[in-house]
Amino acid sequence: MSKLKEKILVSAKQLFQEKGYEQVSLRAIAEHAGTTIGNLTYHYPQKESLLVAMQLSTQGEALTHFGKMPESAEGILHEIVLMCCLTEEICTRSSFYFCNILQLCRDIPTLKQQVEETREIVYKIHLERFLALRDKGLFRSDVAPGAYESLSCSFLLVVSSWLNLKKLFTDTASQFSIRQVLLDNIYSYLTEDGRKAYERILAEKDVLQREIAEHLQKNLL
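Residues numbered from 1 in each chain as written. Predicted model: local features only at pLDDT ≥ 70, side-chain atom pairs only at ≥ 80, totals over all residues. Heavy atoms only, no water.

Glancing now at helix 7 (residues 109-135). For helix 7, spanning 27 residues, the distance from its first C-alpha to its last is 39 Å, which sits close to the expected 39 Å at 1.5 Å a residue. Among the residues of helix 7, those classed as buried are Leu111, Gln114, Val115, Thr118, Ile125, His126, Leu127, Arg129, Phe130, Ala132 and Leu133. Looking at the residues trailing helix 7, positive phi occurs at Gly137, about 90°. (Helix = DSSP H or I, 4+ residues; strand = E, 2+ residues; numbered from the N terminus. Expected span 1.5 Å × (residues − 1). Buried < 20%, exposed > 50% of the residue type's maximum accessible area, 1.4 Å probe, protein only.)

Below you can see the structure in the form of structure tokens.
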């Protein structure tokens, strides 16, 4: 991606986050990015094109950061914990996107297609790791058939709905941290060895915080 295209995307995301998607014009994005409306529309003919590009960027980042599974069992568990910790930050920093994603997908078929592809990738990334942890002895094997498929599905459902519920409702369930909900979900599947590894990972707070900061700096949505 050229520097100008990347700068335009960064400006669009910042303005969408500050003012809301509907309230931001292409001209405002061009001015914020320090370019002309002609340059912007050359790369992104419509405002919807920016959302599709953001989704493709998200998909690419997910594959880059989580495409290749670590070899060691503790490395896999560390990656899952990192995913759980990142999720809340990502949702909060891109609240315009997660709060409006259903309506945006109804209105923009190309975005819907990209979101579906990304969801499928994320589902498979989680499931692959959950099953590997089961086979390596850190996740339980004495669970119902399809339990890890359901766990992978629940991760997607929680992420999809959390921010909308948190912003709309004030009941107890809506105020839970998504990070803690996801971590608690995986904890119940850990074996004794898995729980020991989990505690070691959480004890290294500085390492986790540094990795979270690095991922966010790379603009992972």
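In this section: the environment of Phe98. Relative to the helices and strands, Phe98 is located in helix 6 (residues 95-107). Exposure remark for Phe98: the relative accessible area of 15% places this residue in the buried category. Phe98 sits 66 residues away from Asn164 along the chain, and the two C-alpha atoms are 7.4 Å apart. The contacts of Phe98, once residues within four sequence positions are left out, are Ile90, Cys91, Val159, Leu163 and Asn164. (Contact = heavy atoms within 4.5 Å.)

Here the focus is a nonpolar patch on the surface. Together, Leu165, Leu168 and Phe169 make up a nonpolar patch on the protein surface, roughly 300 Å² of accessible area in all. Here Leu165 is to be found in helix 8 (residues 147-168). (Patch = residues over 30% accessible without salt bridge, like charges linked within 9 Å, V, L, I, M, F, W, Y side chains within 5 Å. Areas by Shrake-Rupley, 256 points an atom, 1.4 Å probe, with all protein chains shown as cover. Salt bridge = Lys/Arg side-chain N within 4 Å of Asp/Glu carboxyl O.)

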